[in-house]
Amino acid sequence: MAEKIAVINGRMIVPDNPIIPFIEGDGTGPDIWKAARRVADAAVEKSYGGGRAIEWKEILAGEKAHRMTGEWLPAATLDAIREHVVAIKGPLTTPIGGGFRSLNVTIRQELDLYACIRPVKWIKGVPCPVTRPESLDIVIYRENTEDIYAGIEWESGSAGAEKVRAFLAFEMACDIPEGAGIGIKYISRPASERLMRKALNFAVEAGRRAVTIVHKGNIMKYTEGSFATWCYDLARKEFADKIVTENEIAGTGKRPDGKILVNDRIADNMLQQLLLRSGEYDILIAPNLNGDYLSDAAAAQVGGLGMAPGANIGDFMAVFEATHGTAPKYAGQDKVNPGSLILSAVMMLEYMGWREAAGLIRDGLERTVSQKTVTYDLARGMEGAREVRTSKFADAIVANM
Ligand code: NAP
């Protein structure tokens, strides 16, 4: 009988037949979701015989939800994720410059999924624009609930914008041009600390070498600058015996064995460091906006968004999703790469402790790429590739498990 995943006394209990809610997503979402589900089910079946199986439960968001319920993000969807602890989703459309607020951001904020975790690692054979893609093996921890993404903004010419402008002019002696659109950027100590704690805990458990705080604190001193300060403070306070800061080893530059190096880089520099000195970085932690830019740039380095997985994780509750969006021009064509969502499902299985199934998928995917059976995006840069559709790529992965 299918059961819910539970959290009891600070531990996640995963039954053998967990109910896992899914949102299929907009645009290319249904195509990649179908492929990811098929691959995940096959891996679980092959790993555990009939001993374990996922009972998928559809929940609605985005265009499908609007068509069926008149709402873009029904309350029942958020409730279902809360209730079932772990969920997976396809990408959702967000209108630009107006319309409703991002559903993705709303889901992350409403459920307090404060860490957006995006591993970036090259899969052998994937065509990419750099000569040594294997040197990049990082995990990005992006803050998911604050920063300029918090959605506190006023449209140009609106009563709200004029009120804020007047307040700033009269009370704070800050001039903003008439008719400007205004957004608020805020970053708090508790949100910075809990993300840093999560990143360091992961670094300790996974035996990683370094945590780099990425920020633009030279310019935005009291938001991004404070983010860096608070992350360092937390590292010194809670992980004193496990870390060493770059300043502490400034003389030798040598990290003592077994210690995690904590350092920081200004965001613009970080983007070039990732390309030129990729092997020196390990875990990156960043505020919301910079973390978003970093994720896509790093993903491009190892072959593009088609293979970029991700997870939004709070305290236990987790929603797994691809890094990319809906790629609407390819919607319904059974064309795009489902690798991103398949690898997000791998992260989900690992999170549930189903490592055998996760490993099978990873092996199957690597073997399929090495056989040059790939979707259009990878075929574009691969000599002698056999270009296949989304569904056929999934078939090939299953056959290769
Ligand atoms: P996008 O959907 O990520 O697509 C940008 C480009 O990336 C595509 O045109 C395609 O490149 C490539 N790409 C994306 N997914 C791919 C896949 N599975 N396989 C192969 N290539 C892939 O970005 P966008 O066009 O800026 O955004 C579209 C919509 O998605 C927007 O409404 C945006 O708000 C939303 N979005 C949602 C999420 C989310 O749900 N978490 C995240 C980001 C964006 P080529 O054109 O070169 O083939």
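Cut-offs applied
Residues numbered from 1 in each chain as written. Predicted model: local features only at pLDDT ≥ 70, side-chain atom pairs only at ≥ 80, totals over all residues. Heavy atoms only, no water. Helix = DSSP H or I, 4+ residues; strand = E, 2+ residues; numbered from the N terminus. Rg over C-alpha atoms; globule rule 2.2 N^0.38 Å. Buried < 20%, exposed > 50% of the residue type's maximum accessible area, 1.4 Å probe, protein only. Contact = heavy atoms within 4.5 Å. Areas by Shrake-Rupley, 256 points an atom, 1.4 Å probe, with all protein chains shown as cover. 1 Å grid on protein atoms, 1.4 Å probe; cavity = no way out; pocket = protein on both sides within 12 Å on 5 of 7 lines; lining within 4 Å. Points joined across faces, edges and corners; volume = space filled by probe spheres on them. Nonpolar A, V, L, I, M, F, W, Y, C, P; charged D, E, K, R; others polar. Pairing = 2+ DSSP bridges. Phe/Tyr/Trp six-rings, centres within 6.5 Å; stacked < 30°, edge-to-face > 60°. Lys NZ or Arg CZ within 6 Å of the ring centre and 35° of its normal. Near = heavy atom within 4 Å. Polar contact = N/O pair within 3.5 Å; in protein donor to acceptor, adjacent residues only side chain to side chain. Sits in = over half its atoms within 2 Å of the grid points. Axes fitted to C-alpha atoms, helices over the stretch in contact; angles between N-to-C directions.

Student: Looking at this structure, how should I read the overall build of the protein?
Tutor: Looking only at helices and strands, the protein features 13 helices and 17 strands. For 401 residues, the compact-globule formula gives about 21 Å, and the C-alpha radius of gyration of the protein, at 22 Å, lands near that figure. On the principal axes, the C-alpha backbone points of the protein span a range of 65 × 60 × 50 Å. Out of the 401 residues belonging to the protein, those deemed buried represent 51%. In the protein, once contacts between residues fewer than 6 apart in sequence are set aside, the share between residues at least 24 apart is 72%. Surface exposure of the protein reaches about 18,200 Å², of which carbon and sulfur atoms provide 51%.

Student: Could you clarify how one ought to interpret empty space enclosed by the protein in this entry?
Tutor: Unoccupied space between atoms shows up once a probe the size of one water molecule is rolled over them. In the structure shown here, the tally under the stated rule is one cavity of 30 Å³ or more. Contributing to the lining of the largest cavity are Ile-23, Glu-24, Gly-25, Asp-26, Glu-58, Ile-59, Leu-60, Ala-61 and Lys-64. Tallied by class, the residues present in the lining of the largest cavity amount to four nonpolar, one polar and four charged.

Student: For this particular structure, what's the right way to read the environment of Met-196?
Tutor: Positionally, Met-196 belongs in helix 6 (residues 189-206). Since its relative accessible area comes to 0%, Met-196 is described here as buried. Setting aside chain neighbours within four positions, we find Met-196 in contact with Val-211, Ile-213, Cys-231, Leu-234, Ala-235, Val-262 and Ile-285.

Student: Help me understand the pairing of strand 15 (residues 318-321), please; the structure alone is not making it clear to me.
Tutor: Residues in a regular strand project their side chains so that they alternate between the two faces of the sheet. Side chains Ala-318 and Phe-320 project from strand 15 onto one buried face, and the interleaved Val-319 and Glu-321 project onto a second face that is buried too. Bridging between strand 5 (residues 86-89) and strand 15 involves four bridges; their strand directions are parallel. Residue pairing for strand 15: Ala-87 is matched across the bridge by Val-319. Of the strand pairs in this sheet, strand 14 (residues 311-313) and strand 15 are connected by three bridges, and their pairing is antiparallel. Within strand 15, the residue paired with Ile-313 across the bridge is Ala-318.

Student: For this particular structure, what's the right way to read the packing of aromatic side chains?
Tutor: In this description, a pair of aromatic rings is defined by centroid distance and the angle of the planes. Tallying each qualifying case throughout the model produces six aromatic pairs. Relative to Trp-56, the ring of Trp-33 lies with its centre 5.1 Å away and its plane at 85°, an arrangement referred to as edge-to-face. You can see Trp-33 sitting in helix 1 (residues 29-48) and its partner Trp-56 sitting in strand 4 (residues 55-58), a full 23 residues away along the chain. We classify Trp-33 as buried; its relative accessible area is 3%. The exposure class of Trp-56 is buried, given its relative accessible area of 12%. An aromatic cluster is present here, built from Phe-22, Trp-33 and Trp-56 joined pairwise through their rings. Its guanidinium or amino end placed over the ring of Tyr-149, Arg-142 lies 5.1 Å from that ring's centre, counting from NZ or CZ.

Student: I tried to follow the site of the ligand on my own but got confused; where do I start?
Tutor: Every one of the 23 residues lining the ligand counts as a neighbour, but Gly-325, Ala-327, Lys-329, Tyr-330 and Tyr-376 are closest to it. Asn-337 places a polar main-chain atom, nitrogen or oxygen, 2.9 Å from a nitrogen atom of the ligand. Protein burial of the ligand: of its 880 Å² of free accessible surface, 71% is covered by the chains. The cavity where the ligand resides is the second largest pocket. Secondary structure elements with two or more residues in the shell around the ligand: helix 4 (103-110) and helix 12 (376-379).

Student: Quick question: what am I supposed to make of the sheet that holds strand 10 (residues 210-215) here?
Tutor: Adjacent strands of a sheet pair through backbone hydrogen bonds, lying either parallel or antiparallel. In spatial order, the strands read 4-3-5-15-14-6-7-13-10-12-11; together these eleven strands make up an open sheet with mixed pairing. At either end of the open sheet lies a strand with only one pairing partner, and these are strand 4 and strand 11 (243-245). Neighbour-to-neighbour, the strand axes of the sheet open up by a mean angle of 25°, direction not taken into account. Two elements, strand 11 and strand 12 (residues 260-266), share three bridges in a ladder whose sense is parallel.

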